[in-house]
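Examining the three-dimensional arrangement
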Amino acid sequence: MIDLYYWTTPNGHKVSIFLEEAGLDYRIVPVHIGKGEQFAPEFLKIAPNNRIPAIVDHAPADGGEPIALFESGAILEYLADKSGQFLPRETRARFTVLQWLYWQMGGVGPMAGQNHHFVRYAPEPIPYAIDRYVKETARLYGVLDHQLAERDYVAGDYSIADMAIYPWAKLWKMQQQKLEDFPNMAAWLERIDARPAVQRAYALVEQVNADPQALLTAEARRLLFGQ
């Protein structure tokens, strides 16, 4: 059994997608980031950076005590190695996947995240910041679109790299992007949208978060951005 400490954000979706795709036994432990549950002492023991997602694996491969992990990229790599799925063992193929996973962690996530903040959450519009992050998001999606020109998935076969990038790229409209500028990315999004495991992962949103607008309240903003 794997405990997934989760909220309905792009980073949370990465891990729920993997668990559904791999068919691993897991249970959701909601962490409502708009209510400050990420600062609870019991959660901080697992995720000292007070961010979701995090996991606790109660049956690690070494047979020892449960393993707790935070950081979505590390979690995906761990689960892929544990299950033997979505991350090749062979060196060249493995690092093709990992470089795109790290590209998401170091590029798409932070840049699209800042895009979301200044476009949607900032108390007042800051044109320079909006322009900066909208343009950088577009640049990154141009890189992705080029990579997908001759392949169905980012690293060839469907992998943890796709699972990491997809939840962010799926929000292109919120990020003030034009999908027609990225036709290969658009086709890739459709391919992943159609996957039953992805659909099951996103169905968790309605179970866990009945009010997606809750993160827009003044109190939620204070908790999320006032640290």
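Here the structure is a predicted model, which means the values were calculated and not measured.

The rules we used
Residues numbered from 1 in each chain as written. Predicted model: local features only at pLDDT ≥ 70, side-chain atom pairs only at ≥ 80, totals over all residues. Heavy atoms only, no water. Helix = DSSP H or I, 4+ residues; strand = E, 2+ residues; numbered from the N terminus. Rg over C-alpha atoms; globule rule 2.2 N^0.38 Å. Buried < 20%, exposed > 50% of the residue type's maximum accessible area, 1.4 Å probe, protein only. Areas by Shrake-Rupley, 256 points an atom, 1.4 Å probe, with all protein chains shown as cover. Phe/Tyr/Trp six-rings, centres within 6.5 Å; stacked < 30°, edge-to-face > 60°. Lys NZ or Arg CZ within 6 Å of the ring centre and 35° of its normal.

For the protein chain, the helix and strand inventory stands at nine helices and four strands. The order of helices and strands in the protein chain, counted from the N terminus, is β-α-β-α-β-β-α-α-α-α-α-α-α. Computed over the C-alpha atoms, the radius of gyration of the protein chain is 17 Å, within 12% of the 17 Å expected from 2.2 N^0.38 for a compact globule of 227 residues. Dimensions along the principal axes, computed over C-alpha positions, put the protein chain at roughly 55 × 45 × 25 Å. For the protein chain, with 227 residues in total, the buried portion stands at 50%. Here the protein chain has roughly 11200 Å² of accessible surface; of this, 53% comes from carbon and sulfur atoms.

In this section: the packing of aromatic side chains. Tallying each qualifying case throughout the model produces nine aromatic pairs. Taking the centre distance of 5.9 Å and the plane angle of 45° together, the rings of Y5 and F43 count as tilted. Here Y5, found in strand β1 (residues 2–6), pairs with F43, found in helix α2 (residues 41–44); they are 38 residues apart in sequence, far enough to count as distant. The two residues Y5 and F43 agree in class, both being buried. Between F118 and Y133 the ring centres are 5.8 Å apart and the planes differ by 0°, which places this aromatic pair in the stacked class. Note that F118 is positioned in helix α4 (residues 91–121) and Y133 in helix α5 (residues 127–147), a separation of 15 residues in sequence. Judged by its relative accessible area of 18%, Y133 falls in the buried class. Joined through ring pairs, the aromatic side chains of F18, F86, Y153 and Y158 make up one cluster. Over the ring of Y202 we find K170; its NZ or CZ atom is 5.1 Å from the centre of that ring. The ring of Y153 has R191 sitting right over it, with the charged end atom 5.9 Å from the ring centre.

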